[in-house]
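Structural overview for review
The residues making up each chain are set out below.
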Amino acid sequence: EAAVTQSPRNKVTVTGGNVTLSCRQTNSHNYMYWYRQDTGHGLRLIHYSYGAGNLQIGDVPDGYKATRTTQEDFFLLLELASPSQTSLYFCASSDAYRGGQLYFGEGSKLTVL
Amino acid sequence: GDSVTQTEGLVTLTKGLPVMLNCTYQTTYSPFLFWYVQHLNEAPKLLLKSSTDNKRTEHQGFYATLHKSSSSFHLQKSSVQLSDSALYFCALKTGFASALTFGSGTKVIPCLP
């Protein structure tokens, strides 16, 4: 079974705080993604990557940085967190072909006070 | 850019009745369509997918047919069960290196007669 692990699972910070969400996949997949999930908006793509050192901008990138350090590890950074970034964040990985399904992590719930 | 529209935010229906969740998309490229299901407090998981025009695809009692003429990929089930209570996302992928674009999701709540 494909595996994607996220940490922390829950995080509370204050406005202006610094947050790093971590994701590790053991699927040997090339592609990794960060999505945020909000009621009424579905899953919105923040950033994604197709390999170590690569970064692609998604649909809602403002206020987020990301870094792919290895094929397995993908990080999402919020350097000045705002309440609008309170959300459920999902990391996912996929194969490098058009029909490749996404394998999601369990999600990281972030609350910015 | 690409977009996916799910018109129903919430569908409540009696157990045993048929259900159809609408999904339409917009793209200028060749589409690959997916349905993901997310049960409460879980990560989204692939339900079914298709890129073949006018061919029905089925999985776990659910089925969908991609109709490129109407840009639609509606999800159906002939008899909904209580265990089908979940959030359902339609998603679109176009290019080889592109990420999935998700719809806003439809929450399905079956109830006892």
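Structure report, in brief. The model shown is predicted, which means the values in this text are computed figures rather than measured ones.

**Considerations on the packing of aromatic side chains**
- Summed over the entire model, instances satisfying the criterion amount to 16 aromatic pairs over all chains.
- When the centroid spacing of 5.3 Å and the interplanar angle of 90 degrees are considered together, the rings of A:Y35 and B:F102 count as edge-to-face. Taken together, the residues span two chains, with A:Y35 in strand β4 (residues 31–38) and B:F102 in strand β11 (residues 101–102).
- Given the relative accessible area of 7%, B:F102 is considered buried.
- Members of the aromatic cluster, joined through ring pairs, are A:Y31, A:Y33, A:Y35, A:Y48, A:Y50, A:F90, A:F104, B:F32, B:F34, B:Y36, B:F89 and B:F102.
- When the ring centre of B:Y63 is taken as reference, the NZ or CZ atom of B:R56 above it lies at 3.7 Å.
- The lysine or arginine in question, B:K93, covers the ring of A:Y31, its NZ or CZ lying 6.0 Å from the ring centre.

**Quick notes on the pattern of salt bridges**
- Per the stated rule, a full pass over the model turns up six salt bridges over all chains.
- Here B:E58 ties to B:R56 by a salt bridge, and the two come within 3.0 Å at their closest N and O atoms.
- The shortest N-O distance in the salt bridge between B:K77 and B:D84 comes to 2.7 Å. No difference in accessibility class separates B:K77 from B:D84, as the two residues are buried.
- What you see here is one network of salt bridges that share partners, running through A:R36, A:D38 and A:R44.

**Some thoughts on the nonpolar core**
- Core analysis: the largest hydrophobic core is formed by 23 residues, its most contacted members being B:L21, B:L33, B:W35, B:L47, B:L48, B:L75 and B:Y88.
- Looking at this core, the elements that each hand over two or more residues are β2 (10–14), β3 (19–21), β5 (32–38), β6 (45–50), β8 (62–65) and β10 (86–93) of chain B.
- Of all the elements, β10(B) adds the most residues to this core, at four residues.
- Among the nonpolar cores identified, the runner-up in size contains 19 residues, and A:L43, A:L45, B:A99 and B:L100 belong to it.

Parameters at a glance
- Residues numbered from 1 in each chain as written.
- Chains lettered and ligands numbered in written order.
- Predicted model: local features only at pLDDT ≥ 70, side-chain atom pairs only at ≥ 80, totals over all residues.
- Heavy atoms only, no water.
- Phe/Tyr/Trp six-rings, centres within 6.5 Å; stacked < 30°, edge-to-face > 60°.
- Helix = DSSP H or I, 4+ residues; strand = E, 2+ residues; numbered from the N terminus.
- Buried < 20%, exposed > 50% of the residue type's maximum accessible area, 1.4 Å probe, protein only.
- Lys NZ or Arg CZ within 6 Å of the ring centre and 35° of its normal.
- Salt bridge = Lys/Arg side-chain N within 4 Å of Asp/Glu carboxyl O.
- Core = buried A, V, L, I, M, F, W, Y, C linked by side-chain atoms within 4.5 Å.

No statement about biological role is implied by the geometric values presented.
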